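Observations on chain architecture
These are the residues of each chain, in order.
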Amino acid sequence: MASHYEAPIRRPLVTGEKSYHDVTVDVARPVEGKANKAWWIVFSIALVAFLWGIGCIIYTISTGIGVWGLNKTVNWAWDITNFVWWVGIGHAGTLISAVLLLFRQKWRMAINRSAEAMTIFSVVQAGLFPIIHMGRPWLAYWVLPIPNQFGSLWVNFNSPLLWDVFAISTYLSVSLVFWWTGLLPDFAMIRDRAVRPFQKKIYSLISFGWSGRAKDWQRFEEVSLVLAGLATPLVLSVHTIVSFDFATSVIPGWHTTIFPPYFVAGAIFSGFAMVNTLLIIMRKVCNLEDYITVQHIELMNIVIMITGSIVGVAYITELFIAWYSGVEYEQYAFLNRATGPYWWAYWAMMTCNVFSPQFMWFKKLRTSIMFSFFISIVVNIGMWFERFVIIVTSLHRDYLPSSWTMFSPTFVDIGIFIGTIGFFFVLFLLYSRTFPVIAQAEVKTILKSSGERYKRIRESGETLVGTGADARTSNLKLVEDTTEPKPLQDDQEKLGNLLEGIGRFDPEMQTPDDLKVISGIGPKMEKVLNTLGIYTYAQVSKMTKREYDLLDEITGSFPGRAERDDWSGQAKKLLNN
């Protein structure tokens, strides 16, 4: 459990006057509420891209790999470029969830869940490309090391391509278990708040019987640490093995020992950029600005700046080693990258990956949300170009000048890549509507040490005893405040304020509506509302956060239900029908 003391100079990681109950309500809202217009627009675009990609994949499999832009000289291009790019993006999830957990970094707690989800979904995209590239994916089992009737047909255990299969499948398995383990307390929270029986049953099954006992938490923390210990070597090993696909060959531009650390740094670089892209969008769409704060964005920008600088050093080291080696083929490979027909891709890579992250040295820029969003996209464009430059420019001019050629992607190449981007966002958007996007249980462990509300109370010299109690969920009496008492509104005054906001019912001019049609209002609750003077859909449709809170204070029953079930939104739909 996190300490309740934190130096006053540290900025809060949870802003606003957030209590423990507020955290629960805010995290559960995207799952329990209805999708807004922005979500549907983005989902529709992603779905169209995904369907286009499926069409291109079907065309590829039914016609053959010849529909891609590959040729005899450039026999690896967009497929392996996209594969390495997606694997790289998946790196940040393991780093945030495992390495930062071991280093007890509190700022990881609001962003680790989505970063882990991003890892799972990006590795799924990466896995599609080797399968499609087989040409006949229905025979994919031929590459498995299993006894067969084909005699000498067996996989080559000396090939780094086979090591890739083991590394990435292990990475996916451990990341999936790590992600699901962290979700258990949050699934249980959704289960306990669920109103619909079907929803309660589903979340009961996937929460694996979590009850919140001390024993559950003890096992949870032990398993998390063990999985973090297992996952940490994967941060280094996975992209190291991916780099061996190239480094173990004898092709100029690939045959270099700097590839493993260079690829790992580049993977963390692109992964953090994608986390930034997703979280900046999500904090706005899901109203999570109090949990994914500017400080989180700034810290991720610092990691992007450091790893971008490491990648820049790797680029310079490559150039130096090529010159220092005295091997003319190696020297020409790098000269061709910078000045040959693909010079534009090389300099796009350098601009996006080396120069753009250096803006993050300036605090004003790295704390700007819009600039951070722009740079995160620029970095991932640059990292795609890096893989393209490494692969295509090293292949298109080999030892035999008569076979020199150029690579141009076809619409199928482009369509499959766009399809994987669409598939990624379809998965991520569905995840944001069904799973809690923030680890509320972990955020609550740092609330008293890093929450703005509790930091303010502590710095004013007041006691924290009793401050965790919430009038909406607890009958405990709070510690008496020794400061000058504030006048409390009585129920009549609160009721007056409530009816002032939603309007009063006129029995002569209006007819009562059947409020039981609204989900969450039963016969008993309808009687309570009628007693308060609430009879019509029009009144309910005018409820906002203020009216919901007043209603909870007056009735004292089922706090948060009206807001959670969106009575106002339901009433508006009934009025429009």
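On a predicted model such as this, the values are computed, not experimentally measured, just so you know.

Definitions and limits used
Residues numbered from 1 in each chain as written. Predicted model: local features only at pLDDT ≥ 70, side-chain atom pairs only at ≥ 80, totals over all residues. Heavy atoms only, no water. Helix = DSSP H or I, 4+ residues; strand = E, 2+ residues; numbered from the N terminus. Buried < 20%, exposed > 50% of the residue type's maximum accessible area, 1.4 Å probe, protein only. Areas by Shrake-Rupley, 256 points an atom, 1.4 Å probe, with all protein chains shown as cover. Expected span 1.5 Å × (residues − 1). Contact = heavy atoms within 4.5 Å. 1 Å grid on protein atoms, 1.4 Å probe; cavity = no way out; pocket = protein on both sides within 12 Å on 5 of 7 lines; lining within 4 Å. Points joined across faces, edges and corners; volume = space filled by probe spheres on them. Nonpolar A, V, L, I, M, F, W, Y, C, P; charged D, E, K, R; others polar. Core = buried A, V, L, I, M, F, W, Y, C linked by side-chain atoms within 4.5 Å. Phe/Tyr/Trp six-rings, centres within 6.5 Å; stacked < 30°, edge-to-face > 60°. Salt bridge = Lys/Arg side-chain N within 4 Å of Asp/Glu carboxyl O. Axes fitted to C-alpha atoms, helices over the stretch in contact; angles between N-to-C directions. Parallel < 35°, antiparallel > 145°, perpendicular 65-115°, else oblique. Left-handed = near helix turned anticlockwise from the far one by under 90°. pLDDT = per-residue confidence, 0-100.

**Structural notes on the overall build of the protein chain**
Broken down by element type, the protein chain carries 24 helices and zero strands. The 577 residues of the protein chain split such that 52% are buried. Summed over all atoms, the accessible surface of the protein chain reaches about 27900 Å², with 66% contributed by carbon and sulfur.

**Describing helix 12 (residues 343-355)**
With 13 residues, helix 12 should reach 18 Å at 1.5 Å per residue; the first-to-last C-alpha distance of 17 Å fits that figure. Among the residues of helix 12, Ala345, Tyr346, Met349, Met350, Cys352, Asn353 and Val354 are the ones counted as buried. Buried residues in helix 12 make contact with helix 9 (259-285), helix 10 (294-325), helix 11 (328-339) and helix 14 (369-395).

**A few points about the layout of surface pockets**
Unoccupied space between atoms shows up once a probe the size of one water molecule is rolled over them. As a volume, the second largest pocket reaches approximately 1100 Å³. What lines the second largest pocket is a set of 31 residues, and nearest its centre among them are Pro130, Met134, Val143, Leu161 and Val165. At the level of elements, helix 3 (78-89), helix 5 (112-133) and helix 6 (160-193) are the ones that each hand at least two residues to the lining of the second largest pocket. The greatest single-element share of the lining of the second largest pocket, amounting to eight residues, is contributed by helix 6. Of the residues assigned to the lining of the second largest pocket, the class counts are 23 nonpolar, five polar and three charged.

**Structural notes on the nonpolar core**
Phe246 and Phe272 are the most contacted members of the largest nonpolar core, which has 122 residues in total. By residue number, the principal contributor to this core is helix 9, which donates 15 residues. Excluding residues within four positions of it along the chain, Phe272 makes contact with Ala92, Leu95, Ile96, Trp107, Met300, Val303 and Ile304. Formed by 21 residues, the second largest nonpolar core is a distinct cluster that contains Leu532, Met543, Leu551 and Ala562.

**Some details on the packing of aromatic side chains**
Applying the stated criterion across every chain, the model contains 51 aromatic pairs. When the centroid spacing of 5.4 Å and the interplanar angle of 15° are considered together, the rings of Trp384 and Phe388 count as stacked. Separated by four residues within a single helix, Trp384 and Phe388 lie in helix 14, roughly one turn from each other. This pair shows no difference in class: Trp384 is buried, exactly as Phe388 is.

**Quick word on helix 5**
Helix length check: helix 5 (22 residues) gives 33 Å between terminal C-alpha atoms against 32 Å at 1.5 Å per residue, within 8%. Where burial is concerned, most of helix 5 is hidden: 16 out of the 22 residues are buried. Backbone geometry just downstream of helix 5 places Gly135 in the positive-phi region, at approximately 85°.

**Points about the pattern of salt bridges**
All chains considered together, the criterion is met by 11 salt bridges. Here Arg213 and Asp216 are joined by a salt bridge, their closest N and O atoms 3.3 Å apart. Among the salt bridges present, the one from Glu526 reaches Lys516, with a minimum N-O distance of 3.1 Å. Of the two residues, Glu526 is situated in helix 20 (residues 523-532) and Lys516 in the loop between helix 19 (491-502) and helix 20; the sequence distance between them amounts to 10 residues. For Glu526, a relative accessible area of 13% translates into the label buried. Each of Glu298, Lys363 and Arg366 takes part in salt bridges that share partners, so that together they form one network.

**What to know about the packing of helix 6 against helix 7 (residues 197-206)**
Close contact between helix 6 and helix 7 brings their axes to 8 Å; oriented N to C, the two are set at 155°. Taken together, the axis directions place helix 6 and helix 7 in an arrangement best described as roughly antiparallel. Considering only the axes of helix 6 and helix 7, their crossing is left-handed. Taking contact as the criterion, the partners of Trp180, Leu184, Phe187, Ile190, Arg191 and Asp192 in helix 6 are, on helix 7, Lys200, Tyr203, Ser204 and Ile206. A breakdown of the residues in the contact of helix 6 with helix 7 according to their chemical character gives six nonpolar, one polar and three charged.

**Overview of the environment of Leu144**
Here Leu144 is to be found in the loop between helix 5 and helix 6. For Leu144, a relative accessible area of 43% corresponds to the partly exposed category.

**A look at the packing of helix 4 (residues 91-102) against helix 9**
The relative placement of two packed helices is expressed as an angle between their axes plus a distance between the axes. Helix 9 packs onto helix 4 with a crossing angle of 85° between their chain directions and a minimal axis gap of 7 Å. Between helix 4 and helix 9, the angle is such that the two are roughly perpendicular. Between helix 4, through His91, Ala92, Leu95 and Ile96, and helix 9, the contact on the second element is made entirely by Ala267, Ile268, Gly271, Phe272 and Val275. Counted by class, the contact of helix 4 with helix 9 contains seven nonpolar, two polar and no charged residues.

**A word on the side chain of Asn380**
Secondary-structure assignment places Asn380 in helix 14. Among the residues examined, Asn380 registers a relative accessible area of 5% and is labelled buried. Non-local contacts of Asn380, meaning those with residues more than four positions away in its chain, are made with Trp85, Ile89, Ser270, Ala273 and Met274.

**Overview of the confidence of the model for the protein chain**
Of the residues in the protein chain, 89% reach a pLDDT of 70 or more, and the chain-wide mean stands at 81. Across residues 1-5, confidence stays below pLDDT 50; counting only partners more than four residues off in sequence or on other chains, it has 11 contacts. Contacts for the low-pLDDT stretch residues 476-489, under 50 throughout, to residues beyond four places or in other chains number six contacts.

**Describing the environment of Leu499**
For Leu499, the position within the fold is in helix 19. As a C-alpha pair, Leu499 and Gly533 span 34 residues in sequence and 7.8 Å in three-dimensional space.

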